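# Structural features, examined
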Amino acid sequence: MKYKIFRLFDFYIKSSIHVALSVVSLSMITLKLCGISVPIELLIFIFSSAVFAYNFIKFYPQFLKPFETSVPLTIKTLSLSSGFVGFGLFWRLSFLAQGFVILG
């Protein structure tokens, strides 16, 4: 049991989920302070985009060498699926939000 918890925590840290949660939290605080309603699609888009972007930057050199990599398959799968979710949710955002995403 202790080993499974350790492996789960190790995956949590290495896949940078904590970074994405902090980005979502900061975005939510900012939107609430500005008095803007927060649609769930926007929060999921921010989370998935943060996971994809952070892991892509973090593991980019290792993604170029698929057979000589130390990146676990679970992190690759999480990053790729987060990219697909983010891309799919991009089209559900408002036109103004899409503009901010493109410009930002």
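For the structure itself, consult the block above.
Residues numbered from 1 in each chain as written. Predicted model: local features only at pLDDT ≥ 70, side-chain atom pairs only at ≥ 80, totals over all residues. Heavy atoms only, no water.

### A word on the environment of Ile-17
Following the sequence through the fold, Ile-17 ends up in helix α2 (residues 17–33). A residue is classified by how much of its surface remains accessible, and Ile-17, at 17% relative accessible area, is buried. Residues within four places of Ile-17 in sequence aside, it is in contact with Phe-11, Tyr-12, Phe-47 and Leu-78. (Helix = DSSP H or I, 4+ residues; strand = E, 2+ residues; numbered from the N terminus. Buried < 20%, exposed > 50% of the residue type's maximum accessible area, 1.4 Å probe, protein only. Contact = heavy atoms within 4.5 Å.)

### Digging into the packing of aromatic side chains
The final tally for this structure, using the stated rule, is five aromatic pairs. When the centroid spacing of 6.4 Å and the interplanar angle of 45° are considered together, the rings of Phe-45 and Phe-90 count as tilted. Linking Phe-45 in helix α3 (residues 40–63) with Phe-90 in helix α4 (residues 73–90), this pair joins segments that are 45 residues apart in sequence. On the accessibility criterion, Phe-45 (9% relative accessible area) is buried. On the numbers, 4.9 Å between centres and 80° between planes, the contact of Phe-90 with Trp-91 is edge-to-face. Overall, the relative accessible area of 11% leaves Phe-90 in the buried class. Overall, Trp-91 belongs to the exposed group, its relative accessible area being 54%. (Phe/Tyr/Trp six-rings, centres within 6.5 Å; stacked < 30°, edge-to-face > 60°.)

### A short note on the pattern of salt bridges
Summed over all chains, the structure comprises two salt bridges. Across the salt bridge formed by Asp-10 and Lys-14, the nearest N and O atoms sit 3.4 Å from each other. Of the two residues, Asp-10 and Lys-14 are both situated in helix α1 (residues 2–14); the distance of four residues between them amounts to about one turn of the helix. For Asp-10, a relative accessible area of 29% corresponds to the partly exposed category. Measuring nitrogen to oxygen at the nearest pair gives 3.6 Å for the salt bridge that ties Glu-41 to Arg-92. With Glu-41 in helix α3 and Arg-92 in the loop between α4 and α5 (95–103), the pair connects residues that are 51 residues apart, well separated along the chain. On the basis of relative accessibility, which here comes to 59%, the residue Arg-92 falls in the exposed class. (Salt bridge = Lys/Arg side-chain N within 4 Å of Asp/Glu carboxyl O.)

### Examining the packing of α1 against α2
Running from N to C, α1 and α2 point in directions that differ by 60°, and their axes come no closer than 5 Å. When the axes of α1 and α2 are compared, the pair comes out oblique. Residues Phe-11, Tyr-12 and Ile-13 of α1 form the contact with α2, whose participating residues are Ile-17, His-18 and Leu-21. For the contact of α1 with α2, the per-class residue count stands at five nonpolar, one polar and no charged. (Axes fitted to C-alpha atoms, helices over the stretch in contact; angles between N-to-C directions. Parallel < 35°, antiparallel > 145°, perpendicular 65-115°, else oblique. Nonpolar A, V, L, I, M, F, W, Y, C, P; charged D, E, K, R; others polar.)

### Observations regarding unusual backbone geometry
Phi at Ser-16 is positive, roughly 65°, even though this residue is not glycine. As for its position among the elements, Ser-16 is in the loop between α1 and α2.

Remember, this is a structural readout, not a statement about activity or role.
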